[in-house]
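Chains, contacts and geometry: an overview
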Amino acid sequence: MTALPPDPEPDRTPGLEPGGGVNPGETPPDSGSTTTGLSHHERTPPKATAGRIVIAIIVLFAVLVAAMLLTRAFLLV
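Below: a short report on this structure. Remember, predicted model here, so these are calculated numbers, not experimental data. (Residues numbered from 1 in each chain as written. Predicted model: local features only at pLDDT ≥ 70, side-chain atom pairs only at ≥ 80, totals over all residues. Heavy atoms only, no water.)

Moving on to the overall build of the protein chain. Counting its secondary structure elements, the protein chain contains one helix and zero strands. Taken over 77 residues, the protein chain has a buried fraction of 1%. Roughly 7800 Å² of accessible area belongs to the protein chain as shown, and the carbon and sulfur atoms make up 65% of that amount. (Helix = DSSP H or I, 4+ residues; strand = E, 2+ residues; numbered from the N terminus. Buried < 20%, exposed > 50% of the residue type's maximum accessible area, 1.4 Å probe, protein only. Areas by Shrake-Rupley, 256 points an atom, 1.4 Å probe, with all protein chains shown as cover.)

Laid out in structure tokens, this is it:
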């Protein structure tokens, strides 16, 4: 079973000119909708401050690890 195309048939659509255009002042026909209802809402992207906080935590962790390694190196000498 084949589905019907969502666009209206040009032969049976009033107001269309032979090339597929519309007469001045008329609104072209809309395509058929394949969904019923509204789609889900998209999430808003995270703010720039969240990325900066993550980067700051990573840098802080790296500095702490470097300090630990330096302290250990100086204590072994």
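Next comes the rest of the account.
A surface patch of nonpolar side chains, amounting to about 400 Å² of accessible area, comprises F61, V65, M68 and L69. Counting through the fold element by element, M68 comes out in helix α1 (residues 48-76). By relative accessible area, M68 is classed as exposed at 52%. (Patch = residues over 30% accessible without salt bridge, like charges linked within 9 Å, V, L, I, M, F, W, Y side chains within 5 Å. Salt bridge = Lys/Arg side-chain N within 4 Å of Asp/Glu carboxyl O.)

Here we take up α1. Here α1 contains 29 residues, and its C-alpha end-to-end distance of 43 Å stays within 8% of the 42 Å for a straight helix at 1.5 Å per residue. Taking burial as the measure, the 29 residues of α1 include zero buried ones, a minor fraction of the element. (Expected span 1.5 Å × (residues − 1).)

No statement about biological role is implied by the geometric values presented.
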